[in-house]
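Single-letter residue listing:
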Amino acid sequence: MPLPLFDRGSDTVRATRLRGDAAKVSAEAVEARLRAEQAAATATARAANTRLSILTKEALPEAEAAFEAADQGYAIGRFDLTTTLQARAALIDVRQATIAARRDARAADLLLRSLIGAAPFDGDTQ
């Protein structure tokens, strides 16, 4: 048992140093977690933007062209109504997928902006 005369507060100094070390480790863990979340959000945003680009530049024009061809073919008697309705259903599916992809891309962009501290609707995060 230390005597108060000779006790220089070494236990208090040690406890303070350990609390400081624990705070440093905790801050490093939070920073690592945020960096991982940022990397995941960046990958998600890129994937969503790629999907949106493919849908708008390739799938949607092709579905529209297929429906137009089926509609014109039906008008001149070359295709039956089932073919035209299937082409229309495919066009509707592609349009729905495009809307969902646009929503997903914007949600991923907003999540990334929140992680990097950017303004929600200002500029590009890429």
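Refer to the structure printed above.
All values derive from a computational prediction rather than experimental measurement.

A. Representation of the overall build of the protein chain within the structure. What the protein chain contains, in helices and strands, is two helices and zero strands. Taken over 126 residues, the protein chain has a buried fraction of 19%. Pairs at least 24 apart in sequence give 60% of the contacts found in the protein chain among residues at least 6 apart. A total accessible area of about 9,500 Å² is found for the protein chain, and carbon and sulfur atoms account for 58% of it.

B. Looking closely at the side chain of Thr42. Position of Thr42 among the secondary structure elements: in helix H1 (residues 10-75). Take Thr42: its relative accessible area is 18%, and that puts it in the buried class. Within the structure, the side chain of Thr42 is placed 2.8 Å from the backbone oxygen of Gln38, a separation counted as a polar contact.

C. A look at the pattern of salt bridges. Going through the model one piece at a time under the given rule, you end up with five salt bridges. Between Arg35 and Glu31 there is a salt bridge, with its nearest N and O atoms 2.8 Å apart. Of this pair, Arg35 and Glu31 both sit in helix H1, four residues apart, which is roughly one turn of the helix. The class of Glu31 is partly exposed, set by a relative accessible area of 42%.

D. Broad picture of the nonpolar core. With seven residues, the main nonpolar core is built from Leu60, Ala63, Phe67, Ala70, Ala87, Leu91 and Val94. Among the elements of the structure, H1 and helix H2 (81-116) are those that each provide at least two residues to this core. For this core, the element with the most residues is H1, which contributes four residues.

E. Focus on the side chain of Thr98. In this structure, Thr98 sits in helix H2. In contact with Thr98, not counting residues within four places along its chain, are Leu52, Leu55 and Thr56.

F. Representation of H1. A rise of 1.5 Å per residue sets the reference length of H1, with its 66 residues, at 98 Å; its end C-alpha atoms lie 94 Å apart and thus fit the reference within 8%. For H1, the full list of buried residues reads Ala41, Thr42, Ala45, Ala48, Leu52, Leu55, Leu60, Ala63, Phe67, Ala70 and Gly73. Phi turns positive, to about 90 degrees, at Gly77, one or two residues after H1.

G. Looking closely at the packing of H1 against H2. Contact pair H1 / H2: the axes reach a minimum separation of 7 Å and the direction vectors enclose 160 degrees. In terms of their interaxial angle, H1 and H2 are classed as roughly antiparallel. Where H1 crosses over H2, the handedness of that crossing is left-handed. Tallied by class, residues from the contact of H1 with H2 come to 26 nonpolar, eight polar and eight charged.

About the thresholds
Residues numbered from 1 in each chain as written. Predicted model: local features only at pLDDT ≥ 70, side-chain atom pairs only at ≥ 80, totals over all residues. Heavy atoms only, no water. Helix = DSSP H or I, 4+ residues; strand = E, 2+ residues; numbered from the N terminus. Buried < 20%, exposed > 50% of the residue type's maximum accessible area, 1.4 Å probe, protein only. Contact = heavy atoms within 4.5 Å. Areas by Shrake-Rupley, 256 points an atom, 1.4 Å probe, with all protein chains shown as cover. Polar contact = N/O pair within 3.5 Å; in protein donor to acceptor, adjacent residues only side chain to side chain. Salt bridge = Lys/Arg side-chain N within 4 Å of Asp/Glu carboxyl O. Core = buried A, V, L, I, M, F, W, Y, C linked by side-chain atoms within 4.5 Å. Expected span 1.5 Å × (residues − 1). Axes fitted to C-alpha atoms, helices over the stretch in contact; angles between N-to-C directions. Parallel < 35°, antiparallel > 145°, perpendicular 65-115°, else oblique. Left-handed = near helix turned anticlockwise from the far one by under 90°. Nonpolar A, V, L, I, M, F, W, Y, C, P; charged D, E, K, R; others polar.

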